[in-house]
Amino acid sequence: MSTPPDPSSARPFGSRFAASAEAGKRDRPVIAIDGPAGAGKSTLAAHLARRFGFLNLETGAMYRALALKAIENDLDFDEEAPLLTLASQTNIALEPHRDGNRVLLDKQDVSRRVRDPDVTAAASRVSIHPQLRAWMVAQQRALGLAGGVVMEGRDIGTAVFPDAEVKIFLDAAPEVRGSRRFQQNSIAPITAAPPDALTAAAILRDLQERDSRDRNRVDSPLRPAVDANVIDSTSLTLTEVIDRAEELVRAHLAPDPARHTLPPT
Ligand code: DC
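Keep in mind that this is a model prediction, so the values were computed, not measured.

(A) Broad picture of the side chain of S111. With respect to the helices and strands, S111 occurs in the loop between β5 (108–109) and α4 (117–126). A polar atom in the side chain of S111 sits 3.0 Å from the backbone nitrogen of V103. A polar contact is formed between the side chain of S111 and the side chain of D109, at a distance of 2.5 Å. Residue contacts for S111: discarding those within four places in its chain leaves N101, R102 and V103.

(B) Structural detail: the environment of S42. For S42, the location among the structural elements is in helix α1 (residues 41–52). Between the C-alpha atoms of S42 and G60, which are 18 residues apart in sequence, the distance is 9.9 Å. In this view, S42 contacts E58 and E152; residues no more than four positions away in its chain are not counted. Polar contacts involving the side chain of S42 include one to the side chain of E152, which spans 3.1 Å.

(C) Focus on the site of the ligand. Of all residues adjacent to the ligand, which total 15 residues, the nearest are R64, R133, R154, D155 and R210. T59 places a polar side-chain atom, nitrogen or oxygen, 3.0 Å from a nitrogen atom of the ligand. In this structure, an oxygen atom belonging to the ligand sits 2.5 Å away from a side-chain N or O atom of R210. Expressed as a share of its isolated accessible area of 440 Å², the protein-covered part of the ligand is 96%. Of all the secondary structure elements, the ones that give two or more residues to the shell around the ligand are α2 (60–72), α4 and α8 (200–216). Looking at the shell around the ligand, the element that brings in the most residues is α2, giving three residues. Residue composition of the shell around the ligand, by class: two nonpolar, five polar and eight charged. Each of domain 1 (28–54 + 148–255) and domain 2 (58–146) gives at least three residues to the shell around the ligand.

(D) Structural view of the pattern of salt bridges. On inspection of all chains with the given rule, the structure shows 16 salt bridges. Linking R113 and D118 is a salt bridge whose minimum nitrogen-to-oxygen distance equals 2.8 Å. The salt bridge partner of E209 is R213, with a shortest N-O separation of 3.5 Å. In this pair, E209 and R213 both sit in helix α8, four residues apart, roughly one turn of the helix. When its relative accessible area of 46% is taken as the criterion, E209 is described as partly exposed. Judged by its relative accessible area of 23%, R213 is partly exposed. Counted as one network, the salt bridges with shared partners bring together R51, E246 and R250.

Procedures and definitions
Residues numbered from 1 in each chain as written. Predicted model: local features only at pLDDT ≥ 70, side-chain atom pairs only at ≥ 80, totals over all residues. Heavy atoms only, no water. Helix = DSSP H or I, 4+ residues; strand = E, 2+ residues; numbered from the N terminus. Polar contact = N/O pair within 3.5 Å; in protein donor to acceptor, adjacent residues only side chain to side chain. Contact = heavy atoms within 4.5 Å. Near = heavy atom within 4 Å. Areas by Shrake-Rupley, 256 points an atom, 1.4 Å probe, with all protein chains shown as cover. Nonpolar A, V, L, I, M, F, W, Y, C, P; charged D, E, K, R; others polar. Domains from an automatic or database assignment. Salt bridge = Lys/Arg side-chain N within 4 Å of Asp/Glu carboxyl O. Buried < 20%, exposed > 50% of the residue type's maximum accessible area, 1.4 Å probe, protein only.

Now the structure itself:
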């Protein structure tokens, strides 16, 4: 796993944070965003990364990339050992960009292919294997070690960075997530499956199937960390979700040292 080559592309606002005057607060924190498919995690993560000048890392893309390689190698998604061997021979890189991650699988750009329905289903299946998850988690920790990242996934706040400074669990009712995903596919065919590839009903069914697998797997099931801030976006607008999340991040950022300067006597 190589680190993103162009962090500046994710920092258009060039935010700078002063050294923290408060113990325990890092000026380059880890922001963990977890939640089920279709809750709007990627949109929120991309926004927060731009807003605060952090890197945006979509960990689901790593599971998708490995799943794609498993498909290409005709592997059984239920067999962990061959998948692990495959992982050990695989290089997955995420390049954060303004609106999301470019995904490189063994140096090949697979950003679009990994969004296809067959890869989506396969990613959910390969991600149940504990040792494979350990391999992914090790790489994700290395990527986020220096802080200054918004890391999005299913287990970031519970397993990858249990000590993340800000944890957000973004949820929404399945029907709402399904219809958002359908609309997203219809208006964004470049990054998602073609609009007519799946009907709204099929999207909801797929989403619920993935939900069930993600929530019920033995290792690191999808659930909010005990100290996560749960945002249910079912009846919130995107702006409302963003406002709440920004408030949480701001509350954890290092305070401006200027505010601690005593006035001249
Ligand atoms: O976020 P996504 O839809 O791209 O994720 C694809 C699959 O990868 C998802 O069904 C579950 C798995 N995943 C995971 O188990 N843990 C993560 N941190 C991210 C994704």
